[in-house]
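What the coordinates show
What follows is each chain in one-letter form.
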Amino acid sequence: MIRVSGLTKVYGGVRAVDDLTFDVESGKVTGFLGPNGAGKSTTMRMVLGLDRPTAGSASVSGRRYTDFPAPLREVGALLDAGAMHPGRTGRGHLRIGARSNGIPLARVDEVIAQVGLEKAATRRVKGYSLGMRQRLGIAAALLGDPPVLLFDEPVNGLDLDGVRWIRTLFRGFADEGRTVLVSSHLMSEMQLIADRVVVIGRGRLITDTDIAGMLGGLSGPRVRVRTPRPEDMAGALGSEVTMTRPGPDELEVAGLRASEIGDLAHAHGIPLHHLAEVEQSLEDAYLSLTEGSVEHVGHVSDAVSDGARR
Ligand SMILES: Nc1ncnc2c1ncn2[C@@H]1O[C@H](COP(=O)(O)OP(=O)(O)OP(=O)(O)O)[C@@H](O)[C@H]1O
C-alpha cells in the first residue's frame, strides 16, 4: 500500500503538489488522474524518493522509499520510458538493474518473457519503438517481483494492441494482490483500467473514489428521446424533469428513466423514434466534478480535449 499524507512540493513560487493526502490500496488498480501539470509526476517522484517533499510524507508498505535496502524488491516503477541508455541492449539494461539490487540474473529472462520482448532482448534500445521501450520499462519495474507498482502515463503513444496488453497485465497484477498506481490524463482509458481513481488538479485532491462512486456522483441518468412531436413530449414530461434540446426533434431528459418516458409517451399517444439512456463516462464525471471549481475549469477542458486528440 502507498500512503501519501499532507504531501507538498513547492518549486520556486509553484505549488506543484499542495497538501495531498490519499491511500492506494493493494489488490486494486488505482488511476491517478489530472490534467497536464496537475502534479501527478511530482507526487510519484516523491513516493519514489526522487524528489524531497517540502512538507508531508509518502510511504510504501509503511516505510519511506529511501529506507529500503533493495528498493526494486519493494516498488517497481516506470516513470519515463525514454530514460534508457540507447546503446545498451534490452537485456543489458535489465541485467544492470538486477545486479544493483541483488536480484538473480535468471529473473531477467523471466521478465523479458513476461513482457513479450524475447525476440528483441539482444537488440540495442535505440532501435526500439516506443511500445517496446514501454515493455522494457515495465520489465524493469517487475525485476524485483515487487508488491507495489507505479506507472506514469504507461499507455502514452501505445497502439491499441499495446493498450489492451497493458490493461490485462495491470488487472493481473491487482488480482495477484499487488498495489498498482497508474497515472494518466486520459479519463476514457482509466475507466477501462482502474478500480479506483484519485483525481487531482493544481496539486490538490479533487476526489478519491471508486469508478462506480465517481459515475454515481453524476446528476443521474440522462435519456435521449427522438419524436416528431417534441413540444407535446416536453409537455407530457412535466415540470419535474430537466431537459435540453440537442436537435429539432430531440430531447435529452434527466430525472426520469427511459421506461417511464416510454410509458408517458404511450399514455399521451406520442410516437417515439428513439429512446435510450445516454451512457455516462468517467469523462462526464470528471467534468461534472471539476466544473464547479472555477480554479480548475480551464485545465479540465484542456485535459479532455487533449485526451480526445490522442
Ligand atoms: N523540477 C521542476 N522545477 C520547477 N517546476 C516543476 C518541476 N517539476 C514540475 N514542475 C511544475 O510542477 C507542476 C506539476 O508538474 P507535474 O509534472 O508533476 O504534473 P503532471 O500532472 O505529471 O503533468 P503531466 O500530465 O503533464 O505529466 C507543473 O506546474 C510543473 O511545471
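This text goes with the structure placed above it.
Residues numbered from 1 in each chain as written. Predicted model: local features only at pLDDT ≥ 70, side-chain atom pairs only at ≥ 80, totals over all residues. Heavy atoms only, no water.

It is worth spelling out the overall build of the protein at this point. In terms of regular secondary structure, the protein is built from 11 helices and 13 strands. The 310 residues of the protein split such that 47% are buried. Only carbon and sulfur atoms are counted for the fraction: they give 49% of the accessible area of the protein, which is about 14400 Å². (Helix = DSSP H or I, 4+ residues; strand = E, 2+ residues; numbered from the N terminus. Buried < 20%, exposed > 50% of the residue type's maximum accessible area, 1.4 Å probe, protein only. Areas by Shrake-Rupley, 256 points an atom, 1.4 Å probe, with all protein chains shown as cover.)

Next up on the list: the sheet that holds strand 8 (residues 196-201). Pairing within the open sheet is mixed, and its six strands lie in the order 5-6-7-3-8-9. The open sheet has two free edges, formed respectively by strand 5 (75-78) and strand 9 (204-210), since each of these has just one partner strand. Between one strand axis and the next, the sheet turns through 15° on average, direction left out of account. The sheet contact formed by strand 5 and strand 6 (residues 148-152) spans four bridges and is parallel. Paired with L78 across the bridge in strand 6 is F151. (Pairing = 2+ DSSP bridges. Axes fitted to C-alpha atoms, helices over the stretch in contact; angles between N-to-C directions.)

Let's shift gears to the site of the ligand. Residues in close proximity to the ligand include Y11, V14, A16, P35, N36, G37, A38, G39, K40, S41, T42 and E153, which together make up its full environment. S41 places a side-chain nitrogen or oxygen 2.7 Å from an oxygen atom of the ligand. In the model, an oxygen atom of the ligand is placed 2.5 Å from a nitrogen or oxygen of the T42 side chain. Protein contacts shield 59% of the accessible area of the ligand, which totals 640 Å² for the unbound molecule. Within the residue set of the shell around the ligand, elements represented by two or more residues are strand 2 (14-24) and helix 1 (40-47). (Near = heavy atom within 4 Å. Polar contact = N/O pair within 3.5 Å; in protein donor to acceptor, adjacent residues only side chain to side chain.)

To continue, consider the pairing of strand 7 (residues 179-184). Counting buried positions over the six residues of strand 7 gives six, a clear majority of the element. Bridge analysis of strand 3 (residues 28-33) against strand 7 gives six bridges, and the strand direction is parallel. Each residue of the ladder has a partner; that of F32, found in strand 7, is S183. By the bridge criterion, five bridges tie strand 6 to strand 7 in an arrangement that is parallel. Bridge pairing in strand 7 links F151 to V182. Handedness of the crossover joining strand 6 and strand 7 through helix 5 (residues 160-175): right-handed. (Right-handed = clockwise from strand over helix to strand, strands pointing away.)

What follows is about the sheet that holds strand 1 (residues 2-11). Taken in spatial order, the three strands of this open sheet run 2-1-4, and their pairing is antiparallel. Lying at the two open borders of the sheet, with one neighbouring strand each, are strand 2 and strand 4 (55-60). With direction set aside, neighbouring strand axes in the sheet form an average angle of 20°. Both strand 1 and strand 4 contribute to a ladder of five bridges, which runs antiparallel. Residue pairing for strand 4: R3 is matched across the bridge by S59.

By the definition in use, this model includes 20 salt bridges. Taking the shortest distance from any N to any O, the salt bridge between R229 and D232 comes out at 2.8 Å. Residue classification places R229 among the partly exposed residues on the basis of a relative accessible area of 31%. Judged by relative accessible area, which is 39%, D232 ranks as partly exposed. (Salt bridge = Lys/Arg side-chain N within 4 Å of Asp/Glu carboxyl O.)

Every buried residue belonging to helix 9 (residues 258-267) is among A258, I261, G262 and A265, and all of these are buried. Projected onto a plane normal to the axis of helix 9, the buried residues spread over an arc of 100° and lie on a single side. Turned more than 90 degrees from where helix 9 packs its buried face, D263 and A267 sit exposed. Where helix 9 is buried, its residues meet strand 10 (222-226), helix 8 (230-237), strand 12 (250-254) and strand 13 (274-278). Positioned one or two residues after helix 9, G269 has a phi angle of 65°, which is positive. (Arc of directions from axis to C-beta. Contact = heavy atoms within 4.5 Å.)

Inspection of the secondary structure puts K9 in strand 1. Here K9 sits buried without a salt bridge, and the closest side chain of opposite charge, D51, lies 4.4 Å off (N-O distance). A polar atom in the side chain of K9 sits 2.7 Å from the backbone oxygen of R52. Residue contacts for K9: discarding those within four places in its chain leaves V14, R15, A16, V17, T42, M46, D51, R52 and T54. (Lys, Arg positive; Asp, Glu negative; His and termini not counted.)

This part covers the packing of helix 2 (residues 90-100) against helix 3 (residues 106-114). In the contact formed by helix 2 and helix 3, the axes pass within 9 Å of each other and the chain directions differ by 130°. Taken together, the axes of helix 2 and helix 3 are oblique relative to one another. As helix 2 packs across helix 3, the resulting crossing turns out to be right-handed. Where helix 2 abuts helix 3, its residues R91, L94, R95 and A98 lie against V108, D109, V111 and I112. Classifying every residue of the contact of helix 2 with helix 3 gives five nonpolar, no polar and three charged. (Parallel < 35°, antiparallel > 145°, perpendicular 65-115°, else oblique. Left-handed = near helix turned anticlockwise from the far one by under 90°. Nonpolar A, V, L, I, M, F, W, Y, C, P; charged D, E, K, R; others polar.)

Limitation: the analysis is restricted to geometry and does not speak to function.
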